[in-house]
Amino acid sequence: MLLLLREQDAHGYQLAQLMEENSDGLLTVKTASLYPILYRLVDTGCISCKETHVDSSRDGTVRRSARVRIIYHLEAPGELRLQELMHEHKMFIQGFDAILSRTKGE
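My aim in this report is to walk through the structure given alongside it, one point at a time. These figures come from a predicted structure and were not determined experimentally.

## Re the nonpolar core
Right, on to step 1. Judged by nonpolar contacts, the single largest core of 17 residues is most densely connected at M1, L2, L5, L15, L38 and I47.
Right, on to step 2. The set of elements that each furnish at least two residues to this core consists of helix 1 (2–7), helix 2 (12–22), helix 3 (31–43) and strand 3 (63–74).
Right, on to step 3. Sort the elements by how many residues they give to this core and helix 2 lands first, with 4 residues.

## Overview of the layout of surface pockets
Right, on to step 1. Empty space within the largest pocket amounts to approximately 260 Å³.
Right, on to step 2. When residues of the lining of the largest pocket are traced back to their parent elements, those giving at least two are helix 1 and helix 4 (76–103).
Right, on to step 3. With 5 residues, helix 4 is the single largest residue contributor to the lining of the largest pocket.
Right, on to step 4. A class-by-class count of the residues in the lining of the largest pocket yields 7 nonpolar, 1 polar and 1 charged.

## What to know about the pattern of salt bridges
Right, on to step 1. Applying the stated criterion across every chain, the model contains 3 salt bridges.
Right, on to step 2. Of the charged contacts in the structure, one is a salt bridge between R6 and E79, with a shortest N-O distance of 2.6 Å. Note that R6 is positioned in helix 1 and E79 in helix 4, a separation of 73 residues in sequence.
Right, on to step 3. Of the residues examined, E79 reaches a relative accessible area of 25% and is grouped as partly exposed.
Right, on to step 4. Close ionic contact of R81 with E84 constitutes a salt bridge, the shortest N to O distance being 3.0 Å. A residue pair is termed a helical-turn pair when its members lie 3 or 4 positions apart in one helix, as R81 and E84 do in helix 4 at 3 residues.
Right, on to step 5. Residue classification places R81 among the partly exposed residues on the basis of a relative accessible area of 31%.

## Side note on the packing of aromatic side chains
Right, on to step 1. Scanning the entire structure with this criterion turns up 2 aromatic pairs.
Right, on to step 2. With 6.1 Å between their ring centres and 40° between their planes, Y35 and Y39 make a pair best called tilted. Of this pair, Y35 and Y39 are both found in helix 3, 4 residues apart, which corresponds to roughly one turn of the helix.
Right, on to step 3. Assessed through its relative accessible area of 48%, Y39 is described here as partly exposed.
Right, on to step 4. Arranged with centres 6.1 Å apart and planes meeting at 15°, the rings of F92 and F96 form a pair that is stacked. One end of the pair is F92 and the other is F96, both in helix 4 and 4 residues apart, which spans about a single turn.
Right, on to step 5. Exposure remark for F92: the relative accessible area of 56% places this residue in the exposed category.
Right, on to step 6. On the basis of relative accessible area, F96 is assigned to the partly exposed category, the value being 44%.

Cut-offs applied
Residues numbered from 1 in each chain as written. Predicted model: local features only at pLDDT ≥ 70, side-chain atom pairs only at ≥ 80, totals over all residues. Heavy atoms only, no water. Core = buried A, V, L, I, M, F, W, Y, C linked by side-chain atoms within 4.5 Å. Buried < 20%, exposed > 50% of the residue type's maximum accessible area, 1.4 Å probe, protein only. Helix = DSSP H or I, 4+ residues; strand = E, 2+ residues; numbered from the N terminus. 1 Å grid on protein atoms, 1.4 Å probe; cavity = no way out; pocket = protein on both sides within 12 Å on 5 of 7 lines; lining within 4 Å. Points joined across faces, edges and corners; volume = space filled by probe spheres on them. Nonpolar A, V, L, I, M, F, W, Y, C, P; charged D, E, K, R; others polar. Salt bridge = Lys/Arg side-chain N within 4 Å of Asp/Glu carboxyl O. Phe/Tyr/Trp six-rings, centres within 6.5 Å; stacked < 30°, edge-to-face > 60°.

The following block contains the structure:
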């Protein structure tokens with residue numbers, strides 16, 4: 001999520017779609033799992049959120065809807081956490097590759 005929000009602000013459903021698209025369909029997130037993660041990221045200050053009204057244009061005229069969409073934005077602590085996670089991922093892959101290279105001959 002943090003990496004996706006580094007690229008652009010997005011609402012929850014959009015983040016789920018971006019995750020699926022950017023992973024070639026390998027990663028899918030259900031709404032029931034997505035929003036608790038987003039709420040936790042907001043609570044820890046990694047991301048912020050703002051409400052926007054959804055504009056509708058059924059008959060060609062744009063009018064403000066009562067429907068509200070929450071847009072998420074990456075904050076500085078989230079960028080730092082993203083850097084930490086990317087480093088942890090790199091170390092994990094290096095460790096896993098080391099194990100694989102030692103066990104190939106077995």
